[in-house]
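Chain by chain, the residues:
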There are 2 protein chains.
Amino acid sequence: MDDPASCETTDDYDVRQWDTREGCEVRQILDRVADKWSLLVIALLDCQSLRFSELRREIDGVSQRMLSVTLRHLERDGLVSRTVHPVVPPRVDYALTPLGRTLHETIKALVTWTEDHQREIAEARAAYDRGREMMDA
Amino acid sequence: MDDPASCETTDDYDVRQWDTREGCEVRQILDRVADKWSLLVIALLDCQSLRFSELRREIDGVSQRMLSVTLRHLERDGLVSRTVHPVVPPRVDYALTPLGRTLHETIKALVTWTEDHQREIAEARAAYDRGREMMDA
DNA sequence: CCGAATCCACGACGATACTG
DNA sequence: CAGTATCGTCGTGGATTCGG
């Protein structure tokens, strides 16, 4: 973390390429991960497969449409697998692919960071807001 | 990664709490990180401080307004520090705080994941799209 | 039960013009 | 140079409805 070497230009990625334009995939994946429901779906499917209606129940507030759209996107990116059982009534199971599992592992780090620092952030916000109130006076 | 133990309920975070409602900070941080310009700003400020105009030049396509808004948000969350030099013409330097640096470290993991797997994702998308075209026929 | 299609509201973003 | 203010546009996501 405090390693000064990490500040060298030896970084193996080019910051400029995080942009949307050109063949930059980072932005696309980030947008996918960060959209409103994907993260929840990935987390819920970790180590278990769930039906559409089960996901809908578990994820409080998601609309049928958005869950459907989200799952379609995740499926297209190879992060989630979709299995249709030819029965009546229809039954569809969703599960994480190996690729999806590796992504979840990576994301957990970010979630952990957030939890570890949310107090600091809350304090920073409070301090900032106090400063703004002084201005008004 | 393949550790089955990671699938146990020993997970130290509750997936349901990733939701926007209630006192969930994860969503807020994720939204902040994932917005259009924050990531770029954080990456550029890693290990160097930059002026407003320098950031504007480096980040292709950002509007003056959005850069301003982005910096204000990052500053409020304690991720970026703002230093005004009382000279004419005005000079303002932005730099990453220690907190911001730890976040950047965490995010790098996600960027690295994306780069490592973008080929797999591209192939999954191609396969998915091929399947859809079959449907139409 | 699963999910696609349509319509609409709202917030994010960009362009422009204006201050200290 | 470093912003703020105002306005118009556009995409995302919610509600609803219909089909397989």
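The rules behind each value
Residues numbered from 1 in each chain as written. Chains lettered and ligands numbered in written order. Predicted model: local features only at pLDDT ≥ 70, side-chain atom pairs only at ≥ 80, totals over all residues. Heavy atoms only, no water. Contact = heavy atoms within 4.5 Å. Salt bridge = Lys/Arg side-chain N within 4 Å of Asp/Glu carboxyl O. Polar contact = N/O pair within 3.5 Å; in protein donor to acceptor, adjacent residues only side chain to side chain. Helix = DSSP H or I, 4+ residues; strand = E, 2+ residues; numbered from the N terminus. Least-squares fit on C-alpha atoms with pLDDT ≥ 70 in both. Pairing = 2+ DSSP bridges. Near = heavy atom within 4 Å. Nonpolar A, V, L, I, M, F, W, Y, C, P; charged D, E, K, R; others polar.

- Going by the annotation in an unreviewed UniProt entry, the name recorded for chain A is Helix-turn-helix transcriptional regulator, with Nonomuraea rhodomycinica given as the source organism.

**Brief notes about the interface of chain A and chain B**
A common way to state how big an interface is: give the accessible area lost once the parts meet.
Then, in step 1: Between chain A and chain B, the contact holds 58 residues from the first and 58 residues from the second.
Then, in step 2: The interface formed by chain A and chain B includes four salt bridges.
Then, in step 3: Residues Asp129(A) and Arg76(B) are paired through a salt bridge, measuring 2.6 Å at the closest nitrogen-oxygen approach.
Then, in step 4: Between the two partners, chain A and chain B, sit eight residue pairs in polar contact (both at pLDDT 80 or more).
Then, in step 5: When residues of the side of chain A that touches chain B are traced back to their parent elements, those giving at least two are α1 (25-34), α2 (38-45), α4 (64-76) and α5 (98-136) of chain A.

**What about the relation of the copies chain A and chain B?**
Each of the two chain copies goes to the other by way of a rotation about an axis and a shift along it.
Then, in step 1: Aligned on chain B, chain A shows an RMSD of 0.2 Å; the corresponding rotation is 180° and the shift along the axis is 0.0 Å. Interpreted geometrically, this transformation is the action of a two-fold axis. Proximity to the rotation axis, assessed at the C-alpha, singles out Ala34(A) in chain A; its C-alpha lies 3.0 Å from the axis.
Then, in step 2: A share of 100% of interface residues in chain A that are also interface residues in chain B marks the association as one of identical surfaces.

**Observations regarding the sheet that holds strand β1 (residues 50-51) of chain B**
Residue and element names in this part refer to chain B.
Then, in step 1: Taken in spatial order, the three strands line up as β1-β3-β2 in an open sheet, and their pairing is antiparallel. What marks the edges here is a single partner per strand, and that holds for β1 and β2 (80-85).
Then, in step 2: In the sheet, β2 pairs with strand β3 (residues 91-96) via six bridges, with the strands oriented antiparallel. Of the residues in β3, the one forming a bridge with His85 is Arg91.

**A word on the protein's contact with DNA strand D**
Then, in step 1: Close contacts around DNA strand D come from 20 residues, with Met66(A), Gln64(B), Ser68(B), Arg82(B) and Tyr94(B) the closest.
Then, in step 2: For DNA strand D, the backbone makes up 62% of the atoms found within 4 Å of the protein, where backbone means sugar plus phosphate.
Then, in step 3: The set of elements that each furnish at least two residues to the surface near DNA strand D consists of α4 of chain A together with α3 (52-58), α4 (64-76) and β3 of chain B.
Then, in step 4: By residue number, the principal contributor to the surface near DNA strand D is α4(B), which donates four residues.
Then, in step 5: When its residues are assigned to classes, the surface near DNA strand D shows eight nonpolar, five polar and seven charged.

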